Every structure is written in structure tokens, then in C-alpha cells.
Amino acid sequence: GENVEQHPSTLSVQEGDSAVIKCTYSDSASNYFPWYKQELGKRPQLIIDIRSNVGEKKDQRIAVTLNKTAKHFSLHITETQPEDSAVYFCAAPTTNTDKLIFGTGTRLQVFP
Amino acid sequence: KAGVTQTPRYLIKTRGQQVTLSCSPISGHRSVSWYQQTPGQGLQFLFEYFSETQRNKGNFPGRFSGRQFSNSRSEMNVSTLELGDSALYLCASSKAGGREQYFGPGTRLTVT
């Protein structure tokens, strides 16, 4: 069935370091891969997404890479700041639907 | 534009009761999806509505149901509540044909 695996479940980094979160998906027809950031007590916020026709997308300090052959995609955060501390979720849709399957989340802690 | 809104924000019910949660999407968005978020299971897809029709359904028992009105507002209902139904219920809206989903603040349901 549809599945999205996300690693690691927790990640601690020093301020200024980079953080990488990886997700793998099972549905080879998936063509849209969003990343959400959820701060404590708040709603998930869409921070970046990538479609299957590109291999990388950047937005300031965050970037997402996609490897369709291996069926995995990654979130990269450079020059991390304490306000990056949150839970990050990846997701992928099932074939030809808007039904998103979410990864189990990564709790990122950035220490000053 | 106003964001996705959900009411009520907090709810306490007892086992066996039923509950109705409401979601108002972003103006112009016609698709509404519902998710259950728990610490142990992450974000689980419940169902998606588009133009008053259920388009996709997750793996939840029949006690969970929903509907969408002509103005795109959506409600979900949970009957015969169980302790395990305690969770944060999030709805997300998207444009017709769009993949980006925007979440509401959620309704935190506690079943005692």
C-alpha cells in the first residue's frame, strides 16, 4: 500500500549547522512532494514543495531534492537558527489523487 | 485572504457521545481534506471532499463521517466516541486542481 517513511525521527544540531531530513515513498506515480513545518501548538505550514519534473528547488535557506529513481526526497536546511526548531513532515500523494500520505515527522532542535 | 478556520478549537466529550467539527476553507478553495493527528500515529488522512462529494477516504471506521456544503464549508462527525478518538483534528483546503494544501488550526478533541 501507500507508504512514506521519514528519517530521522529526531535531529539536534548546533545553530549555524545544516540539517537534512529524508523521506522515501512507495507509489512510483507520485508527482508532488510537499514539506510542512509544525511549531509547538500550531498548524502545519507548507514551507516548500517540489514536483516530479525537477530534481531540486531552493528557497533561501531551505532546499528540497528529489530522486525519482530511488523514490526518495530530502529537505535541507542550511545555517540553522533556533526558530527552525519544529516538527517537519514530508508527504506524497497517492496516484492521481489529492490524498496526502504523511511521514511520521522529524523533531528538529537547534541549539544556540 | 483569511486562512482556514476551524470550530470549535477545543472540545471535551465523554465516551459514547457524538461530535461535529466544522471547517471553513480559504475563499475560492473547493477541496477540503481532514486529518487526525496523534503523537503515536502522526497525521492520518480521514477523507477529502470536493464540490460536495467525498472524493477520497482513509482507513477509518464508519463512525467517522463528513460532508461538504455548497459554500465549500465542511463538517466531520464522529459518533459513539471512544477514548482513542482523542486527537487533534486538522482540516486543509486547496484550490480545484491544486496540490498545495493549507491547514487550519485544528480542533483538539478530548474524550474522557
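You'll find the structure just up there.
Let me begin by describing the structure that accompanies this report. Model, not experiment: these values are computed from the prediction.

What about the sheet that holds strand S8 (residues 72–77) of chain A?
Neighbouring strands of a sheet are bound in pairs by backbone hydrogen bonds; such pairs are parallel or else antiparallel.
All names here are of chain A.
At step 1: Across the sheet, which stays open at both edges, the five strands sit in the order S1-S3-S8-S7-S6 with antiparallel pairing between neighbours. Only two strands of the sheet have a single neighbouring strand rather than two, namely strand S1 (4–7) and strand S6 (56–59). Strand after strand, the sheet turns through a mean of 15° between neighbouring axes, direction not considered.
At step 2: Pairing between S1 and strand S3 (residues 19–25): four bridges, direction antiparallel. The residue bridging His 7 from the neighbouring strand is Lys 22, located in S3.

Examining the pattern of salt bridges
Residues and elements named next belong to chain B.
At step 1: One pass over the full model with this rule turns up eight salt bridges over all chains.
At step 2: Between Glu 82 and Arg 63 there is a salt bridge whose closest N-O contact spans 3.6 Å. Residue Glu 82 is found in the loop between strand S8 (74–78) and strand S9 (87–94), and its partner Arg 63 is found in the loop between strand S6 (53–57) and strand S7 (64–68); the two are separated by 19 residues along the sequence.
At step 3: For Glu 82, a relative accessible area of 42% gives the class partly exposed.
At step 4: Between Arg 67 and Glu 75 there is a salt bridge, with the nearest N and O atoms lying 3.2 Å from each other.
At step 5: Judged by relative accessible area, Arg 67 falls into the partly exposed class, the value being 45%.
At step 6: With a relative accessible area of 15%, Glu 75 lands in the buried category.
At step 7: Through salt bridges with shared partners, a single ionic network connects Arg 63, Glu 82 and Asp 85.

Some points on the environment of Val 4 of chain B
At step 1: Mapped onto the secondary structure, Val 4 of chain B falls in the segment before strand S1 (5–7).
At step 2: Residue Val 4 of chain B is classed as buried on the basis of its relative accessible area, which comes to 3%.
At step 3: Separated by 95 residues in the primary sequence, Val 4 of chain B and Arg 99 of chain B have C-alpha atoms spaced 16 Å apart.
At step 4: With residues near it in sequence (within four places) discarded, Val 4 of chain B still touches Arg 43 of chain A together with Cys 23, Ser 24, Pro 25, Ile 26, Cys 91, Ser 93, Tyr 102, Phe 103, Gly 104 and Pro 105 of chain B.

Conventions used here
Residues numbered from 1 in each chain as written. Chains lettered and ligands numbered in written order. Predicted model: local features only at pLDDT ≥ 70, side-chain atom pairs only at ≥ 80, totals over all residues. Heavy atoms only, no water. Pairing = 2+ DSSP bridges. Helix = DSSP H or I, 4+ residues; strand = E, 2+ residues; numbered from the N terminus. Axes fitted to C-alpha atoms, helices over the stretch in contact; angles between N-to-C directions. Salt bridge = Lys/Arg side-chain N within 4 Å of Asp/Glu carboxyl O. Buried < 20%, exposed > 50% of the residue type's maximum accessible area, 1.4 Å probe, protein only. Contact = heavy atoms within 4.5 Å.

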